[in-house]
Each structure stands twice: as C-alpha cells, then as structure tokens.
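Residue-level structure breakdown
Now for the letters of each chain:
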Amino acid sequence: MSHLQQVTVLGATGSIGLSTLDVIARHPERYQVFALSGFSRLAELEALCMIYRPRFAVVPQAQAADQLQATLRAAGLATQVLHGPEGLCQVAAHPDVNTVMAAIVGAAGLPPTLAAVEAGKKVLLANKEALVMSGALFMQAVKRSGAVLLPIDSEHNAIFQCLPGDYSLGLQQVGVRRILLTASGGPFREMPLEQLHTVTPEQACAHPNWSMGRKISVDSASMMNKGLELIEACWLFDATPAQIEVVVHPQSVIHSLVDYVDGSVLAQLGNPDMRTPITHALAWPERIDSGVAPLDLFAVARLDFQAPDEQRFPCLRLAREAAQAGGTAPAMLNAVNEVAVAAFLERRIRFPEIASMIEDVLHTEPALAVESLDAVLAADSRARDLAEQWLSRR
Ligand code: NDP
Ligand code: MG
C-alpha cells in the first residue's frame, strides 16, 4: 500500500480505542492518527496526543478544550482541540480522513458514526448501539454513500470472515442456512439463580475471557450484549432473527460460525483479544500482524457448547422481541438498557432489575415506525424518561 491511511479514533481513551492505537503503533508505515476523542479520561487523552500527535483532538466541553489546547501548544504540538458532538462529527467526516474507528460507547456514538458513514469513509464499527438504534437508516446511508462498513465486534467480524465476498446478494442466495452467534455466558453463567440479586458491579465487570469497558461488561453479564449483537447481525448481514442462533461457548475461542446448506460449517477461531478483529478490519482485505499470540489449541484442549438459558438471561429474550417488533423498539431497548446499566453500576438497582426495567418500559410503550433520525432520537429520549420514572417509582 503506497499512501499512509489517516485514521480517526472515536473513543480513543477506551478499551477498543487503546487496542486500536496499539495496532496502529505497530504499523507506522501504514497508519497515521488523524484525530482522537475522549470524554471523562482527559489526562489519558492528553498523554495519547503527546504520543500520536494527531491533527485534531475532541473533548466534551469548550472549557476542557481550551485547557487541553493550551497544554498541547505549550508542548509544541500543532493539534487542534475541538469539542462536543459537532467536533466528533467534524473529525469523523473530515475530507482528509480515510478510516474511522467508531468506539464510543452507547447512543452518544450514533451521530459521529453516522457522519462517518454519510461521508463514505471506511468505518470500523465497534459501537454496536449506533446500529441497534438506527439500523435501517444506518444501512441505507451505507448503501447511498458507498461507505465500507467493517464489523469490529468479534462475533460479527468472525461471521464476516466466514461469509463469501458476495454475501450482500442475500444469505439464501449464497447458500447460508444459519448464523451461529457465540456467547461466553459471562461471569454468571453458572451462579445459582437466587444469588443473582446479590451480585455487585465489580463481579459483573469481571468477565472471564475479555477485558472490556464497564458498560459492555455488564451487558455481557446480563447477555443483553448478545441481544444487541443479534440485532446488530440482522442489520449487518440482512438476516432475520430466526436465521441467527445463539450458542453459549464458554471458552470464547470460536468467535462465531456460519452454517451452509451443504452441511459445511465455517468458524473463525482465535485468542480472545480484540486486536485480531481490529487488525483484520484496519488492513482488510490484506492481513497484517496484530501482536496477538498464536492460538495454542493444545492449551485450549476443549471447546464446549450449550443452549442459552433465557430464564437466567431474560435480556436475550427481550432483545429478540425488540428485533421482531422492529421500528423504534430496538432504540428503546437500547436506551432503557443504558439507563439500567448506569443505575446498576451506581448501585441504585440490583442486577435482575436491569431486565425488569426494560421489560416494564417496553411493554408500556408501543414501537413506532422509523422514518428519520429524529424519530430514533425521540424514541431514545422518551425511553430514557420512562426509565427514569421507573427508577423514581421503585
Ligand atoms: P470503554 O468504556 O472502555 O470506552 C468508551 C469510550 O467512549 C471512551 O473513550 C469514553 O471516553 C468514550 N465515551 C463515553 N461516553 C461518551 C460520550 N457521552 N460522548 C463521547 N464519548 C464518550 O468501552 P469499550 O471500549 O469497551 O467499548 C466501546 C464500544 O465498543 C461499545 O459500544 C462496545 O459495545 C463496543 N465493543 C467493545 C468490545 C470490547 O472488547 N471492549 C467488544 C465489542 C464491542 P472516556 O474513557 O474518556 O470517558
Ligand atoms: Mg461481541
């Protein structure tokens, strides 16, 4: 490859952001950091700016932007510091950017991710919430703009790798029978059900196989993560919920599988390290080193599979129902889940109440058709209000 790829990393201070920068640092002849964003960890963002010397940095507020601008200028950096959602959209859609890593967590990532898509960038999608919220509009924007959308979520990246290049013709057309979406089952897979109401945020965030941000760690513990991923897979691969089967695979070595009509089942395997899907997507269609150790099958020794237990993990059922309902239902599911996870992390509710809150709110609020981004954002904000009311009634 002859010219240096300019990369914007949205959510640079997070788990995916840092893994992305680790991969970029291994290939300075290929990638240059164009912009970095942070939200609460601004000292970390400053340190990253010193190392990667981006053209732009983005922080949430004007005052923080002025502060960081002064520090970077004093250190002799030409980095320009922007702020707020407009700043994020600007660095996502900037004409000089080739690739955007969308690694902001939650609904806050939707506007800049969509801006990158609309500007026709190569978009590496970690922020699954953006696609869950606005699926139809998001995928229409990809088609319209010619953006190249590559999944970073390890399961979706695995499915992408196991599908033929022309899968957009339709799954049936290319001989796919089912997609098998693997799930680790999280830290509470085997805990006695009656103990689930006693679990702490620390226990929920201690994932057995993956090191991740706190929100997705709680989602993994409730299996809402798999529910969001089911919806994500429907949009990415134009599948129906019925074409996707969730398979609990506690070792997290097989990252997902594709079952073809001739009985062939293709799987993608690897150590549970997000640098593999990140590197795959960054370099696609080439292959380059990610720094991930080779898979030692003798050390893994065995691979186990179980059916998911929806009594233990009602969030999986709720997500499947939202996927089937369509319209604004997935955006509402996502919004209530974000409020519920934050409340659980603040110790305001118990772990099983995450599912109760989502179920109660979704059952009182009908799903509407989605015609515009405004309709999605209105559903998101209405669901957040209802979730807050649920909290105050509790
Ligand atoms: P982290 O919590 O580690 O990082 C989140 C990033 O988003 C941070 O840079 C954070 O800034 C920034 N951020 C948080 N809130 C806002 C906001 N309101 N506006 C702008 N920026 C914000 O999460 P992860 O890296 O684990 O996950 C990121 C995304 O990737 C999520 O959507 C997750 O579902 C997805 N994902 C993650 C995987 C993983 O292994 N970690 C695997 C698959 C998908 P700051 O830290 O400065 O506050
Ligand atoms: Mg995943």
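Residues numbered from 1 in each chain as written. Chains lettered and ligands numbered in written order. Predicted model: local features only at pLDDT ≥ 70, side-chain atom pairs only at ≥ 80, totals over all residues. Heavy atoms only, no water.

When the UniProt feature table is mapped onto this chain numbering, "binding site: Mn(2+)" (unreviewed entry) sits at Asp-153, Glu-155 and Glu-229. In three dimensions, the annotated residues from a span of 77 residues occupy one location, with a maximal C-alpha spread of 8.3 Å. Every residue in contact with Glu-155, bar those within four places of it in the chain, is listed here: Leu-181, Thr-182, Lys-226, Glu-229, His-255 and Ser-256. Following the sequence through the fold, Glu-229 ends up in helix 10 (residues 224-237). On the basis of relative accessible area, Glu-229 is assigned to the buried category, the value being 1%. In this view, Glu-229 contacts Lys-128, Asp-153, Glu-155, His-156 and Leu-181; residues no more than four positions away in its chain are not counted. (UniProt positions renumbered as here; feature names shortened; annotations may be inferred. Contact = heavy atoms within 4.5 Å. Helix = DSSP H or I, 4+ residues; strand = E, 2+ residues; numbered from the N terminus. Buried < 20%, exposed > 50% of the residue type's maximum accessible area, 1.4 Å probe, protein only.)

Our focus in this paragraph is the coordination of the magnesium ion (ligand 2). Coordination angles at a metal have ideal targets, namely 109.5 degrees for four tetrahedral donors and 90 or 180 degrees for six octahedral donors. The protein atoms that coordinate the magnesium ion (ligand 2) are Asp-153 (OD), Glu-155 (OE) and Glu-229 (OE), at distances spanning 2.1 Å. Site description for the magnesium ion (ligand 2): donor spacing in sequence, D-x1-E-x73-E. Grouping residues by exposure puts Asp-153 and Glu-155 together as buried. (Donors = N, O, S within 2.8 Å, 3.2 Å for Na, K, Ca; no water.)

Quick look at the environment of Arg-347 now. Within the fold, Arg-347 resides in the loop between helix 14 (329-345) and helix 15 (351-364). Given a relative accessible area of 52%, Arg-347 falls into the exposed group. Sequence spacing of Arg-347 and Met-212 is 135 residues, and the spatial spacing of their C-alpha atoms is 20 Å. Contacts of Arg-347, omitting those with residues within four sequence positions, involve Pro-201 and Glu-202.

Near ligand 1, the surroundings consist of 23 residues, among which Thr-13, Phe-39, Ser-40, Arg-41 and Glu-129 are the closest. The contact in question runs from an oxygen atom of ligand 1 to an N or O atom on the backbone of Ile-16, over 2.9 Å. Coverage of ligand 1 by the protein amounts to 90% of the 900 Å² it exposes when considered alone. In terms of residue class, the shell around ligand 1 is built from eleven nonpolar, eight polar and four charged. Mapped onto the domain boundaries, the shell around ligand 1 takes at least three residues apiece from domain 1 (5-151) and domain 2 (152-318). (Near = heavy atom within 4 Å. Polar contact = N/O pair within 3.5 Å; in protein donor to acceptor, adjacent residues only side chain to side chain. Areas by Shrake-Rupley, 256 points an atom, 1.4 Å probe, with all protein chains shown as cover. Nonpolar A, V, L, I, M, F, W, Y, C, P; charged D, E, K, R; others polar. Domains from an automatic or database assignment.)

So, about the nonpolar core. Of all hydrophobic cores here, the largest spans 92 residues; its most connected members are Leu-21, Leu-36, Met-101, Phe-138, Ile-152, Leu-163 and Phe-237. Counting residues per element, this core draws most heavily on helix 6 (residues 128-145), at eight residues. Of the domains in this structure, domain 1 (5-151) and domain 2 (152-318) are the two that each give at least three residues to this core. The contact partners of Phe-237, leaving out residues within four places of it in the chain, are Pro-151, His-156, Ile-159, Phe-160, Leu-163, Tyr-167, Leu-171 and Ile-179. Counting residues in each nonpolar core, the second largest holds 42 residues, with Ala-221, Ile-231, Ala-319 and Ile-358 among its members. (Core = buried A, V, L, I, M, F, W, Y, C linked by side-chain atoms within 4.5 Å.)

Here Ser-211 is to be found in the loop between helix 8 (201-205) and helix 9 (214-222). Given the relative accessible area of 66%, Ser-211 is considered exposed. For the pair Ser-211 and Ala-335, spaced 124 residues apart in sequence, the C-alpha to C-alpha distance is 24 Å.

Bringing the sheet that holds strand 6 (residues 122-125) into the picture now. One open sheet accounts for seven strands, arranged 4-3-2-1-5-6-7; its pairing is parallel. Unpaired on one side and paired on the other, strand 4 (80-83) and strand 7 (148-151) mark the two borders of the sheet. Looking at each pair of strands side by side, their axes are set apart by 25° on average, direction ignored. Sheet topology places strand 3 (residues 56-59) next to strand 4; four bridges connect them, and they run parallel. Bridging from a neighbouring strand, Phe-56 pairs with Gln-80 of strand 4. Docked against the sheet, helix 5 (residues 110-118) engages strand 1 (5-10), strand 5 (99-102) and strand 6, running at close to 150° with respect to strand 6. (Pairing = 2+ DSSP bridges. Axes fitted to C-alpha atoms, helices over the stretch in contact; angles between N-to-C directions.)

Turning next to unusual backbone geometry. Leave glycine aside and you will find that most residues have negative phi; peptide bonds, for their part, are mostly trans. Cis geometry is adopted by the peptide bond preceding Pro-285, which originates at Trp-284 and carries an omega value of 10°. Residue Arg-53 is not a glycine yet carries a positive backbone phi of 45°. Following the sequence through the fold, Arg-53 ends up in the loop between helix 2 (42-52) and strand 3. Taking relative accessible area as the criterion, Arg-53 reaches 52% and is therefore assigned exposed. Here Arg-347, not a glycine, exhibits a phi torsion of approximately 60°, which is positive.

With that settled, the discussion passes to the layout of surface pockets. Over the atoms rolls a probe the size of a water molecule, and its path tells where empty space is left. By volume, the second largest pocket amounts to about 580 Å³. If you go around the second largest pocket, you meet 22 residues; those closest to its centre are Met-139, Leu-149, Tyr-167, Ser-168 and Leu-236. For the lining of the second largest pocket, the secondary-structure elements that each account for two or more residues are helix 6, strand 7, helix 7 (154-162) and helix 10. Tallying contributions element by element places strand 7 first for the lining of the second largest pocket, with four residues. Considering only residue class, the lining of the second largest pocket consists of 15 nonpolar, four polar and three charged. Taken domain by domain, the makeup of the lining of the second largest pocket includes at least three residues from each of domain 1 (5-151) and domain 2 (152-318). (1 Å grid on protein atoms, 1.4 Å probe; cavity = no way out; pocket = protein on both sides within 12 Å on 5 of 7 lines; lining within 4 Å. Points joined across faces, edges and corners; volume = space filled by probe spheres on them.)

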